[in-house]
Amino acid sequence: MKIRQSFEQAICILLLIGVNESHIKSHELSEKLNISDSYLKKITRQLVVAGFIESRASKRGGFLLKKELDDITLFDIFEVIEGKESFVETTHLVERVFENSMRIKETEDIILDYLHKAEEQYKDKLKEITLSDIVHSAQKSSD
């Protein structure tokens, strides 16, 4: 499993907006995170649609959090960026490993069951971590 860079970028975008005292402009986010403006717009659009941030177009506009950092978990962000579908799917490769007499379907089901449980544990862990937790941890380590 490989998580897309956009997941990490979305986390950092939300953190930057969340710790900023006022609106933060798109070009400021782009420069700070070294993300192309077009790619940044794609991610911020997803975050706007999800209700995490709002975008104000004006001279003093920019992005502002709509939710508190305490109310946004890594799982929330994961679902917005990665989607809600399971990341476990079979290619039926086990059919090439075992002979027909070795209960291929049952073996594949066992493998998938383990992988689904691992996915569930991963997502449960993401549900425990808020953006506020990350900010507090970063502040502790800088002390």
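Residues numbered from 1 in each chain as written. Predicted model: local features only at pLDDT ≥ 70, side-chain atom pairs only at ≥ 80, totals over all residues. Heavy atoms only, no water.

Draft legend 1. Geometry of the packing of aromatic side chains. Applying the stated rule across the entire model yields 2 aromatic pairs. Seen from their ring centres, Phe7 and Phe78 are 5.5 Å apart, and the 85° between their planes marks the pair as edge-to-face. Remark: Phe78 occurs in helix H4 (residues 74-82) and Phe7 occurs in helix H1 (residues 5-19); sequence separation between them is 71 residues. Taken individually, Phe7 and Phe78 each receive the classification buried, so the pair is uniform in this respect. Relative to Tyr122, the ring of Phe78 has its centre 5.8 Å away and its plane inclined at 75°; by these criteria the two rings are edge-to-face. Of this pair, Phe78 sits in helix H4 while Tyr122 is found in helix H5 (residues 104-128), placing the two residues 44 residues apart along the sequence. Here Tyr122 falls in the partly exposed class, since its relative accessible area comes to 25%. Put simply, the rings of Phe7, Phe78 and Tyr122 pair up and form one aromatic cluster. The ring centre of Phe75 lies 4.7 Å from the NZ or CZ of Lys127, which sits over that ring. (Phe/Tyr/Trp six-rings, centres within 6.5 Å; stacked < 30°, edge-to-face > 60°. Helix = DSSP H or I, 4+ residues; strand = E, 2+ residues; numbered from the N terminus. Buried < 20%, exposed > 50% of the residue type's maximum accessible area, 1.4 Å probe, protein only. Lys NZ or Arg CZ within 6 Å of the ring centre and 35° of its normal.)

Draft legend 2. Molecular detail of unusual backbone geometry. Here Asn34, not a glycine, exhibits a phi torsion of approximately 55°, which is positive. Within the secondary structure, Asn34 is located in the loop between helix H2 (26-33) and helix H3 (37-49).

Draft legend 3. Local environment of the packing of H1 against H4. Put simply, H1 and H4 touch, their axes get as near as 9 Å, and they point 130° apart. One finds that H1 runs oblique with respect to H4. By crossing handedness, the relation of H1 to H4 is classed as right-handed. From H1, Ser6, Phe7, Ala10, Ile11 and Leu14 reach across to H4, where they touch Leu74, Ile77, Phe78, Ile81 and Glu82. The class makeup of the residues in the contact of H1 with H4 is 8 nonpolar, 1 polar and 1 charged. (Axes fitted to C-alpha atoms, helices over the stretch in contact; angles between N-to-C directions. Parallel < 35°, antiparallel > 145°, perpendicular 65-115°, else oblique. Left-handed = near helix turned anticlockwise from the far one by under 90°. Contact = heavy atoms within 4.5 Å. Nonpolar A, V, L, I, M, F, W, Y, C, P; charged D, E, K, R; others polar.)

Draft legend 4. Structural context of the nonpolar core. Among the nonpolar cores identified, the biggest contains 28 residues, and Leu14, Ile77 and Leu131 are the most heavily contacted of them. The set of elements that each furnish at least two residues to this core consists of H1, H3, strand S2 (62-65), H4 and helix H6 (131-142). Top element by residues in this core is H1. It accounts for 8 residues. Ile77 has contacts with Phe7, Ala10, Ile11, Leu14, Phe52, Ile72 and Leu131, leaving out every residue within four places of it along the chain. (Core = buried A, V, L, I, M, F, W, Y, C linked by side-chain atoms within 4.5 Å.)

Just geometry here; none of it tells us what the structure is for.
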